[in-house]
Amino acid sequence: LVIDALRSALIQLWSGRSGMNQFLFQPALAELTADPITKVFQASVAVAIRHTELSAGEKDIGEKIVLSLCKQIRALTESRNEIAHGTWFIGWASADATDFSVANGLKPKNTKTGTLYRSIDRKKEDFDALIDQCRLLRDIIQRFGLMLVMGERLGTFEKNFTWDEDRVSLTRSLWTF
């Protein structure tokens, strides 16, 4: 969801309001993974914000939002990588085990003193929270991308988003004009 939203936002941003020739940008983005496409998104948005007719204050807000947004995307990517590259012990239990609410796993990490094995146990609720975070980030990216393409006709950044250093969210689920 998130990578697709980043890809779509970049294609919209690069092709402008006309949407012409969107297919030309698809090969450039097709095989980018989470970190490279997040870097391209952050850099492209920074350039777009600088070259808009927004007020200086609104540009500053947009820059702060995209920094916080990309920080959230990177944190989600780290969680995803931990899950995808961890070692999971699914189906391992004693004959007496009755509680299977936790998926047990380990994630090795090399340190200067050797290999450290961290527990990455997860419950269903942990996965549900990650799915919810994916959906929220997708919605934020989509709205942010459209605002850059359509300009202030879709409202200001300040009216559409709340943010701090670590988190961006939508002010409402509906557009704020």
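Before reading further, recall that the structure is shown in the block above.
Notes on the structure in this doc start here. Residue positions are given per chain, counted from 1 along the sequence in the order it is written. A pLDDT threshold of at least 70 governs which residues receive local features in this predicted model, and a stricter bar of 80 or more applies before side-chain atom pairs are shown or counted, although totals over entire chains, interfaces and linings include all residues. Note that the side-chain values use all heavy atoms of the structure and ignore hydrogens as well as water.

### Focus: the overall build of the chain
- We count a stretch as a helix when DSSP gives it H or I for four or more residues in a row; a strand needs E for two or more, and each element gets its number in order from the N terminus. Within the chain, the regular secondary structure consists of 6 helices and 7 strands.
- Traced from its N-terminal end to its C-terminal end, the chain shows the element sequence α-α-α-α-β-β-β-β-β-α-α-β-β.
- Restricting the calculation to C-alpha atoms gives the radius of gyration, and the globule rule supplies 2.2 Å times the number of residues raised to the power 0.38. Computed over the C-alpha atoms, the radius of gyration of the chain is 20 Å, more than 25% above the 16 Å expected from 2.2 N^0.38 for a compact globule of 177 residues.
- In terms of its C-alpha atoms, the chain occupies a principal-axis envelope of roughly 65 × 35 × 35 Å.
- Throughout this description, buried means an accessible area under 20% of the type-specific maximum (1.4 Å probe, protein chains only), exposed means over 50%, and partly exposed covers the range between. Buried residues in the chain amount to 32% of all 177 residues.
- For the chain, the share of sequence-separated contacts (at least 6 apart) that also reach a separation of at least 24 residues comes to 57%.
- Accessible surface, the chain: about 11,000 Å² in total, of which carbon and sulfur atoms supply 55%. It only takes one pair of heavy atoms within 4.5 Å for two residues to be counted as in contact. Per-residue and other accessible areas follow the Shrake-Rupley method at a 1.4 Å probe size, with only the shown protein chains counted as cover for residues.

### A look at the sheet that holds strand β4 (residues 114-119)
- If DSSP finds at least two bridges between two strands, the strands pair. If you walk across this open sheet you meet the 3 strands as β1-β3-β4, and the pairing is antiparallel. Two strands bound the open sheet, and with one partner strand each, they are β1 (87-88) and β4.
- Sheet topology places β1 next to strand β3 (residues 105-111); 2 bridges connect them, and they run antiparallel. Across the sheet, the residue bridging to T87 is L106, located in β3.

### Looking at the packing of helix α1 (residues 2-15) against helix α2 (residues 22-29)
- Between α1 and α2, the least distance of the axes is 9 Å, while the angle of their chain directions is 135°. In terms of their interaxial angle, α1 and α2 are classed as oblique. Classified by chirality, the crossing of α2 by α1 is right-handed. Listed contacts from α2 to R7, L10, I11, W14 and S15 of α1 are Q22, F25, Q26 and L29.
- Polar here means any residue outside two lists: the nonpolar Ala, Val, Leu, Ile, Met, Phe, Trp, Tyr, Cys and Pro, and the charged Asp, Glu, Lys and Arg; Gly therefore counts as polar. Taken together, the residues of the contact of α1 with α2 break down into 5 nonpolar, 3 polar and 1 charged. Only the contacting stretch of a helix is used when fitting its axis, a line to C-alpha atoms as for every element, and angles between N-to-C directions run 0 to 180 degrees. Reported orientations rely on four angle classes, namely roughly parallel under 35 degrees, roughly antiparallel over 145, roughly perpendicular from 65 to 115, and oblique for the rest. Helix crossings are classified by the rotation of the near helix relative to the far one: an anticlockwise turn of less than a right angle makes the crossing left-handed, while a clockwise turn makes it right-handed.

### Examining the pattern of salt bridges
- Definition used for salt bridges: Asp or Glu carboxyl oxygen within 4 Å of a side-chain nitrogen of Lys or Arg. As enumerated under the stated definition, the model contains 8 salt bridges in all.
- Among the ionic pairs, R118 bridges to E82, the shortest N-O distance being 2.9 Å. Taken together, the residues R118 in strand β4 and E82 in helix α4 (residues 56-84) connect sequence positions 36 residues apart.

### Quick look at the pairing of β4
- Note that β3 and β4 share 6 bridges and pair antiparallel. Looking across to β4, one finds that L106 is bridged to S119.
- Between β3 and β4, which follow one another and run antiparallel, lie 2 residues.

### What to know about helix α3 (residues 34-50)
- The terminal C-alpha atoms of α3 lie 24 Å apart, and with 17 residues this matches the ideal 24 Å at 1.5 Å per residue to within 8%.
- Residues A34, I37, T38, F41, Q42, S44, V45, A48 and I49 constitute the buried set of α3.
- Elements that come into contact with the buried residues of α3 comprise α1, α2, α4 and α5 (124-150). Multiply 1.5 Å by the residue count of a helix minus one, and that product is the helix's expected span.

### Things to note about the side chain of E58
- You can see E58 is positioned in helix α4.
- Separated by 2.2 Å, the side chain of E58 and the backbone nitrogen of F157 make a polar contact. For the purposes of these results, a polar contact is taken to be a pair of N or O atoms within 3.5 Å, where, inside protein, one atom must be able to donate a hydrogen and its partner to accept one; residues adjacent in sequence count only when each atom of the pair is a side-chain atom.

### Considering the nonpolar core
- Among the buried residues, those of types Ala, Val, Leu, Ile, Met, Phe, Trp, Tyr and Cys that are joined through side-chain atoms within 4.5 Å form a nonpolar core. Grouped together as the largest cluster of nonpolar side chains are 32 residues, with contacts concentrated most on F41, V45, L69, I141, F144, F157 and F161.
- When contributions to this core are tallied by element, the ones reaching two or more residues are α1, α3, α4, α5 and β7 (168-170).

Such coordinate-based values are descriptive only and should not be taken to indicate function.
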